[in-house]
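# Structural characterization, general
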Amino acid sequence: MSVSKKRYALVAVLISLCLGGALFLNGSGRAVNADTEKVYKNIEIFTEVLRQIEKSYVEPQDSHELIYGAIKGMVQNLDPHSSFMTKEEHQELMLETKGSFTGIGVEITVKDDILTVVSPIEGTPAYNAGMKAGDQIIRIEDAKTKDMSLLEAVKKIRGPKGTKVNLTIMRPGEDKPLEFSITRGVIPLISVRHHFLTPEICYLRISNFQSKTSHDLSSALEDLEGTHDIKGLVLDLRNNPGGLLSQAIEVSDLFLDSGLIVSTKGRVSSQDITASAHKNRVSRKYPIIVLINGGTASAAEIMAGALQDNKRGLVLGTRSFGKGSVQTILPLSDGSGLRLTTARYYTPSGKSIQLKGITPDIELTFIPPVDKKDTPDRKFFREEDLEGHMLNEAKDSEPGVETYEETEQDRQVRVLLENDNQVRHAVELLKSWRIFSRIEGDN
């Protein structure tokens, strides 16, 4: 097919799509023309511009690229989360939802026209390099990110394993831009991590929602509940950028026996979904503290809202990101794809979190750990320090702490509790919960 014929074939597709969107059926089933004249006029302008570019632009242009560029611009103008993907980009996205991709491991969005980090994925090169939620990426290599689409930015940041990408970051509170040189790697998305903080209080972290998250979480809960009598759970959704809506529903269902999880409402009735919880095979009555912050987004906000509104968990931390829209991946005939915002979602109480986010029940800002060398612990003088002190009659030895060999997991728990005031406060709340539940009040 010649370039000219190819061009007009593509334009014909565009016209049919536009006219298809301008038609609807009346009660008798006959097609009714809806503002067709206006659509034709706009298509004429489009083809006129295309013709002038091909005829007069200083350098020859590929008509396929021109059409793709026009589509990208059209979709990009809708909202920050809708995008048109080439065949390669579409295939890469499909691989990502299955569990891995090559890059630096950072979730980004466009906020106030600035490329902004939603959150670095835990354990990835971006996370280890010190990137943080809220960082504004103003330059990728030598390219400024102003007016750069989200997909363009992702394409520039990702690359072969072992290669480096240089990012210039503006961070709130910093006077000068920060420079990062990060080596790309294969990003395995391990979405569920867990361990015990005390013999009875479990810590469970969900870092994102991918195709295997509910399966992995179900296995983790079986392991935990099979070996311990759990009295409390710290569920960490901080810096969780979201993922698959279906997984957020399935994961929430694991902790709920009844009630609404989420509802969605779109322009097309097929996008209207009401998801409710089912009775679980295993009874999970232990109290839950849900940790959120500004990097908690989308599917993670659905879960936090479901547990909060169903009074299944207490939410602690800071207000979440506020992404209350659903994106549907639509495959196109040539292998390309359309990521399109098709619905808004609502928490069980009917609240939209768009822009507002989830407000925690207990507001508590994360406080970075302070170097202990600068803040020495005060040593209290105790009875045991007095010379000639009496021994406890119930013991036949000097008081003291029993020594043991610290395992790597013990060390990780100790460091987490020492350095993370939000986790520490959650554990204190769960301990208090148990104490207060044993106190008999006046009837």
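Residues numbered from 1 in each chain as written. Predicted model: local features only at pLDDT ≥ 70, side-chain atom pairs only at ≥ 80, totals over all residues. Heavy atoms only, no water.

## Structural notes on the overall build of the protein
Counting secondary structure elements, the protein contains eleven helices and 21 strands. In the protein, which comprises 443 residues, the proportion classed as buried is 39%. Long-range pairs, those at least 24 residues apart, make up 67% of the contacts in the protein with a sequence separation of at least 6. When the accessible surface of the protein is split by element, carbon and sulfur atoms take 53% of a total near 26,200 Å². (Helix = DSSP H or I, 4+ residues; strand = E, 2+ residues; numbered from the N terminus. Buried < 20%, exposed > 50% of the residue type's maximum accessible area, 1.4 Å probe, protein only. Contact = heavy atoms within 4.5 Å. Areas by Shrake-Rupley, 256 points an atom, 1.4 Å probe, with all protein chains shown as cover.)

## A closer look at the packing of aromatic side chains
Applying the stated criterion across every chain, the model contains one aromatic pair. Plain terms: the ring middles of Tyr68 and Phe84 are 4.9 Å apart, the flat faces sit at 85° to each other, and that makes the pair edge-to-face. One end of the pair, Tyr68, is in helix H3 (residues 63–76); the other, Phe84, is in strand S3 (residues 83–85), and 16 residues separate them in sequence. Look at Tyr68 and you get buried, because its relative accessible area is 13%. Across the ring face of Tyr286, the terminal group of Arg312 is positioned such that the distance to the ring centre comes to 5.9 Å. (Phe/Tyr/Trp six-rings, centres within 6.5 Å; stacked < 30°, edge-to-face > 60°. Lys NZ or Arg CZ within 6 Å of the ring centre and 35° of its normal.)

## A word on the sheet that holds strand S18 (residues 313–317)
Overall, mixed pairing links the six strands, which are arranged S12-S13-S14-S17-S18-S21 in an open sheet. The open sheet has two free edges, formed respectively by strand S12 (192–196) and strand S21 (362–363), since each of these has just one partner strand. One ladder, built from five bridges, connects S12 with strand S13 (residues 201–206); its direction is antiparallel. Along S13, the bridge assignment pairs Arg193 with Arg205. Taken strand by strand, helix H10 (residues 408–419) contacts S12 and S13, and its axis lies near 95° from that of S12. (Pairing = 2+ DSSP bridges. Axes fitted to C-alpha atoms, helices over the stretch in contact; angles between N-to-C directions.)

## So, a nonpolar patch on the surface
A cluster of nonpolar side chains, Ile435, Phe436 and Ile439, forms an exposed patch at the surface whose accessible area comes to about 330 Å². Here Phe436 lies in helix H11 (residues 421–438). Phe436 gets classed as exposed once you look at its relative accessible area, which sits at 60%. (Patch = residues over 30% accessible without salt bridge, like charges linked within 9 Å, V, L, I, M, F, W, Y side chains within 5 Å. Salt bridge = Lys/Arg side-chain N within 4 Å of Asp/Glu carboxyl O.)

## Considerations on the confidence of the model for the protein
Looking at the protein as a whole, its pLDDT mean stands at 84, while 85% of the residues score no less than 70. The secondary structure element of the protein with the lowest average pLDDT is strand S1 (residues 23–25), at 35, and the one with the highest is strand S17 (residues 288–292), at 98. When the criterion is pLDDT under 50, residues 1–32 qualifies, and its contacts beyond four places in sequence or with other chains add up to 40 contacts. Here residues 372–376 is modelled with pLDDT under 50, and outside its nearest four sequence neighbours on either side it reaches two contacts, counting other chains as well. (pLDDT = per-residue confidence, 0-100.)

## Here we look at the packing of helix H8 (residues 245–253) against helix H9 (residues 299–309)
Contact geometry for H8 and H9: axes closest at 9 Å, N-to-C directions at 25°. Overall, the two elements H8 and H9 adopt an arrangement that is roughly parallel. As H8 packs across H9, the resulting crossing turns out to be right-handed. Contact with H8, carried on its side by Leu245, Ala248, Val251 and Ser252, involves Ala299, Ile302, Met303 and Ala306 of H9 and no other residues of that element. A class-by-class count of the residues in the contact of H8 with H9 yields seven nonpolar, one polar and no charged. (Parallel < 35°, antiparallel > 145°, perpendicular 65-115°, else oblique. Left-handed = near helix turned anticlockwise from the far one by under 90°. Nonpolar A, V, L, I, M, F, W, Y, C, P; charged D, E, K, R; others polar.)

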